[in-house]
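These are the residues of each chain, in order.
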Amino acid sequence: MTIKLWSVIGNSQKLDGGAMFGNAPKAVWSKWLPVDEQNRVPLACRALYAEGVNGKRVLFETGIGAFFEPKMRERYGVVEAQHVLLESLASIGVQHEDIDAVVLSHLHFDHAGGLLAPWQEGQVPSLLFPNARYIVGAECFARARAPHARDRASFIPELCDLLEQSGRLEIVRDTHTPTLGTDVRFTFSN
């Protein structure tokens, strides 16, 4: 069995440096990662594309994507208006329709926003990857359904319903999933 891997870039964003580094003093981390005029640091949202995982084409994570309307895109520091992940996949000859499974570590918008089509005036959010199983851990899905007040703003309100309505949501409750077989082993950590 051969599995081929590609690191693919998604949309980038800028978030508050203090929020990203927590208790580490700004005097320490800003030497490696300078802030902009709003104290934000640049962040990349990369994904991992794999071919040959249980015979499937799998995308691990989707990054933030381009689903935010312009005002929210500015608030969360999303740099590009277009869906960079889709462009990156296309550059290696892969269309989103080619993906058999999308694995998400959790459903915060900076990891799962790339599941959604780019924002368009007057359009409701819609899922990309129409031929893929959407794979997410049970605890993470439950957290997205009933988020803690501290991270409620990090979730896309419509996403859980869209995933369930797709009929292709695969909840991970064990170490393996039917779609990926024994090629991928899952563990849960907070």
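Small disclaimer: the values here were computed from a predicted structure and weren't measured.

Reading the values: rules and limits
- Residues numbered from 1 in each chain as written.
- Predicted model: local features only at pLDDT ≥ 70, side-chain atom pairs only at ≥ 80, totals over all residues.
- Heavy atoms only, no water.
- Helix = DSSP H or I, 4+ residues; strand = E, 2+ residues; numbered from the N terminus.
- Rg over C-alpha atoms; globule rule 2.2 N^0.38 Å.
- Axes fitted to C-alpha atoms, helices over the stretch in contact; angles between N-to-C directions.
- Parallel < 35°, antiparallel > 145°, perpendicular 65-115°, else oblique.
- Contact = heavy atoms within 4.5 Å.
- Nonpolar A, V, L, I, M, F, W, Y, C, P; charged D, E, K, R; others polar.
- Buried < 20%, exposed > 50% of the residue type's maximum accessible area, 1.4 Å probe, protein only.
- Arc of directions from axis to C-beta.
- Pairing = 2+ DSSP bridges.
- Polar contact = N/O pair within 3.5 Å; in protein donor to acceptor, adjacent residues only side chain to side chain.

S.K.: Can you help me understand the overall build of the protein in this one?
M.R.: Within the protein, the regular secondary structure consists of seven helices and six strands. Listed N to C, the secondary structure of the protein is β-α-α-β-β-α-α-β-α-β-α-α-β in terms of helices and strands. Taking 2.2 N^0.38 as the reference for a compact globule, 190 residues should give roughly 16 Å; the C-alpha atoms of the protein span a radius of gyration of 17 Å, in line with that estimate. Seen through its principal axes, the protein has C-alpha atoms that stretch 45 × 40 × 35 Å.

S.K.: Even after reading the chapter, I still don't get the packing of helix H6 (residues 138-145) against helix H7 (residues 159-166), so can you show me in this structure?
M.R.: Describing two packed helices takes the angle between their axes plus the distance from one axis to the other. For the pair H6 and H7, the least separation of the axes is 9 Å and the interaxial angle reads 125 degrees. The orientation of H6 with respect to H7, classified from their angle, is oblique. For the pair H6 and H7, the contacting residues are Phe 141, Ala 144 and Arg 145 in the first and Cys 160, Asp 161, Leu 163 and Glu 164 in the second. Considered class by class, the residues forming the contact of H6 with H7 number four nonpolar, no polar and three charged.

S.K.: Which parts of the structure should I look at to understand H7?
M.R.: Three- or four-residue spacings in an α-helix give side chains the same orientation, since the helix completes a turn every 3.6 residues. Burial in H7 covers these residues: Leu 159, Cys 160, Leu 162 and Leu 163. Along the axis of H7, the buried positions cluster into a sector of 165 degrees, meaning they face one direction only. Elements in contact with the buried residues of H7: helix H5 (109-112), strand E5 (133-137), H6 and strand E6 (169-172). Gly 167 lies just past H7 and shows a positive phi near 75 degrees.

S.K.: Quick question: what am I supposed to make of the environment of Ile 9 here?
M.R.: Along the polypeptide, Ile 9 turns up in strand E1 (residues 4-16). The class for Ile 9 is partly exposed, based on a relative accessible area of 31%. Expressed as a C-alpha distance, the spacing of Ile 9 and Phe 141, which sit 132 residues apart in the sequence, is 25 Å. Discounting chain neighbours no more than four positions away, the residues touching Ile 9 are Ala 44, Cys 45, Arg 46, Val 84, Leu 85 and Ser 88.

S.K.: What is the right way to read H6 from this model?
M.R.: Along H6, the positions that sit buried rather than exposed are Cys 140, Phe 141 and Ala 144. Within H6, the buried residues cover an arc of 100 degrees as seen down the axis, which keeps them to one side. Packed against the buried residues of H6 are E5, H7 and E6.

S.K.: Quick question: what am I supposed to make of the sheet that holds strand E4 (residues 101-104) here?
M.R.: Read from one edge of the open sheet, six strands run E1-E2-E3-E4-E5-E6, paired in mixed fashion. Both edges of this open sheet fall to E1 and E6, since each of them pairs with a single strand only. Across the sheet, the mean angle separating the axes of adjacent strands is 20 degrees when strand polarity is ignored. Looking at chain direction, E5 and E6 are connected through four bridges and run parallel. When the bridges of E6 are listed, Gly 137 appears paired with Val 172. Strand contacts of H6: E5 and E6, with the helix running at about 90 degrees to E5, the strand carrying the most contacts.

S.K.: Is there a simple way to think about the side chain of His 108 in this case?
M.R.: Position of His 108 relative to the elements: it lies in the loop between E4 and H5. Separated by 3.2 Å, the side chains of His 108 and Asp 151 make a polar contact. Excluding residues that lie within four positions of it along the chain, His 108 makes contacts with Gly 113, Asp 151, Ser 154 and Phe 155.

S.K.: When you look at the pairing of strand E2 (residues 40-53) in this model, what are you seeing that I'm missing?
M.R.: On a regular strand, one side chain projects to one face of the sheet and the next to the other, so that they alternate. One ladder, built from 11 bridges, connects E1 with E2; its direction is antiparallel. Pairing of Ile 9 across the sheet is with Arg 46, part of E2. Judged from the five bridges that link them, E2 and strand E3 (residues 56-60) form a sheet pairing that is antiparallel. Bridging from a neighbouring strand, Glu 51 pairs with Arg 57 of E3.

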